[in-house]
Amino acid sequence: MFKTIKNDLPASIVVFFVALPLCLGIALASGAPLFSGLIAGIIGGIVVGSISGSNIGVSGPAAGLAAIVLVAITSLGYKNFLVAVVIGGIIQILFGVLRLGIIGYFFPSSVIKGMLTGIGIIIILKQIPYFFGMDKNPTGDFSFLQVEWDNLVSGLLNAVNALLSGNISMGATVIGIVSIGILLLWSNVLSKKGKIFQLVQGPLVAVVVGIVFYLLTKDSSFSLVESQLVSVPVPDSLDSFIGQFNFPNFGVIGNSEVWITGFTIALVASLETLLCVEATDKLDPHKNVTPTNRELFAQGAGNIVSGMIGGLPITQVIVRSSANIQSGGRSKMSAIIHGFFLLISIILIPTLLNKIPLSVLAAVLFIVGFKLAKPSTFTSMYKSGWKQFVPFMATVLPMVITGDLLLGIGLGLAVGIIVILLKSYQNSHFLHIESQGNGEHNVKMTLAEEVTFFNKGAILKELDNLPKDSFLELDVRKTRYLDNDIIEILEDFAHKAKERNITIKLVSERGVVENPPSYIEFFKLRPKVA
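Position labels on residues start from 1 in each chain and follow its written sequence. Only residues with pLDDT of at least 70 are given local features in this predicted model, and only at 80 or more are side-chain atom pairs given and counted; all residues enter the totals for whole chains, interfaces and linings. Hydrogen atoms and water are omitted, and side-chain values are computed over all heavy atoms in the structure.

Enquirer: Would you mind going over the overall build of the protein with me for this structure?
Expert: Secondary structure elements are defined from DSSP: runs of H or I of at least 4 residues count as helices, runs of E of at least 2 residues count as strands, and each element is numbered from the N terminus. Helix and strand content of the protein: 22 helices and nine strands. Accessibility here uses a 1.4 Å probe with only protein chains present; expressed as a share of the type maximum, an area under 20% marks a residue as buried, one over 50% as exposed, and anything in between as partly exposed. Counting only residues that meet the buried cut, the protein has 53% of its 530 residues in that class. Here, residues are in contact when the closest pair of their heavy atoms is within 4.5 Å. Intrachain contacts of the protein at a sequence separation of at least 6 include 79% that bridge at least 24 residues. Only the protein chains shown count as cover for residues, and all accessible areas are computed by the Shrake-Rupley method using a 1.4 Å probe. A total accessible area of about 23,200 Å² is found for the protein, and carbon and sulfur atoms account for 64% of it.

If you want it as structure tokens, here you go:
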């Protein structure tokens, strides 16, 4: 793992600066103590990172669980909720032991790409208020903090209105623009000039410049207010630091609601993790393949530890993981080191962290979001054809409109399944019709390799459209699975064919049969066919 430390150390710094405000924001969105989000981030880095088989995945508290956690904490109370987190972790370990990690492989590539693109757009949209210093009441979600708007669209409209009316912070805007300039200069020019520019990453320079800017402009018209800065809890003693930890109340272990919450956390966290694993493996330029069952085991262990000391539920998170990839992370050391950075920072330098402008961190995530949602992605998906583009957009649009990750994935998957069924309906058979000069019709129907009940409508339609006095050659030599529903259709059609003077020649690997007396008996005897 230490062979790639020159890549992992700079990447871990970037992930740290992305993860820090995310941990705080998601804790606030979940109605949990701020410190609980930091605990989850630390455990996600150190514990999950150590056990996981992923080289580039980074775990921590996830926005996709925020709504579930908020309801559970309100209903159960925080210490009782922590019991559900521990239970969820145990169930995830069982998922790993039972080898359920293959679930993520059943999601189409178009849906995974749509998820990545949707998250990229969400990241960009939700950074706008912080980039311009417009938000005065921070809470958390996909971005650092969640603005109290109905959805992303209304939020964007409000942001545009604020920009047009001049209701922005000049200080936040200036340092945000400077930070983007630093990031672009670093990645496109300076990183190619020497090793020092590869070791010291642009986001770290942008953060340092942001802190200096804040200190130098305190008493000027460019000064930043407290709500435009990172907000980390600052303990004044060892006792106050330890007092921020919460411990589960196992006295409610027999409460059915606790178990239901635990199973819900395990199911949603596992699904979100597996989808993120699939997505990050696609983004990884070195094309490493993450062992999914081991990942579920690692996530379960992390959730047990996090729940035991007062942390939020953990999943692998695409925002942190993509930031890690874009910053050149090569091994799990990047995730582990970022966890230690979180731990050290909240112990030693919380006051210094609270001087970082949110607009600087927004600039970092602007770049991350753009790399996830490049315009070229839309172009390539469109050129791939409607079967790829429609599920892709069905994933992106609900995510962007509602901000709901699971809703977008669910709709994208549903549309993908509909596309599959439609193509299955269309490709059940090949039909060739020859018309003779005397008005006779010779029809050849070749059935596909697999024909199921989904194909009933298409085949029935073709058979019913055959004119009287036709000759039908039904070729099933390539068919290896023929659903009983299709056999029944052929059996029924045999009776109709006699009335319409249609001759049927059945061609199979067993030979040729004209007007077989019973299709059911014929296919029972036919090898390899249901």
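Enquirer: What is the right way to look at the packing of aromatic side chains in this model?
Expert: A pair of Phe, Tyr and Trp rings is counted when the ring centres sit within 6.5 Å of each other, with Trp represented by its six-membered ring. The angle between the planes then sorts it: under 30 degrees is stacked, over 60 is edge-to-face, the rest tilted. Under the definition given, this model contains ten aromatic pairs. An angle of 85 degrees between the planes, with centres 5.8 Å apart, marks the rings of phenylalanine 241 and phenylalanine 245 as edge-to-face. For phenylalanine 241, a relative accessible area of 15% gives the class buried. Judged by relative accessible area, phenylalanine 245 falls into the partly exposed class, the value being 23%. Look at phenylalanine 378 and phenylalanine 392: their rings are 5.4 Å apart centre to centre, the planes differ by 80 degrees, and that puts the pair in the edge-to-face class. Here phenylalanine 378, found in helix α17 (residues 375–383), pairs with phenylalanine 392, found in helix α18 (residues 386–402); they are 14 residues apart in sequence, far enough to count as distant. The class for phenylalanine 378 is partly exposed, based on a relative accessible area of 24%. Judged by relative accessible area, which is 0%, phenylalanine 392 ranks as buried.

Enquirer: What exactly am I supposed to notice about the environment of leucine 474 here?
Expert: Mapped onto the secondary structure, leucine 474 falls in strand β6 (residues 470–475). When the C-alpha positions of leucine 474 and threonine 446 are compared, they lie 6.1 Å apart, and in sequence the two are 28 residues distant. Filtering out sequence-adjacent residues up to four positions away, leucine 474 remains in contact with Met445, Leu447, Leu490, Lys505, Leu506 and Val507.

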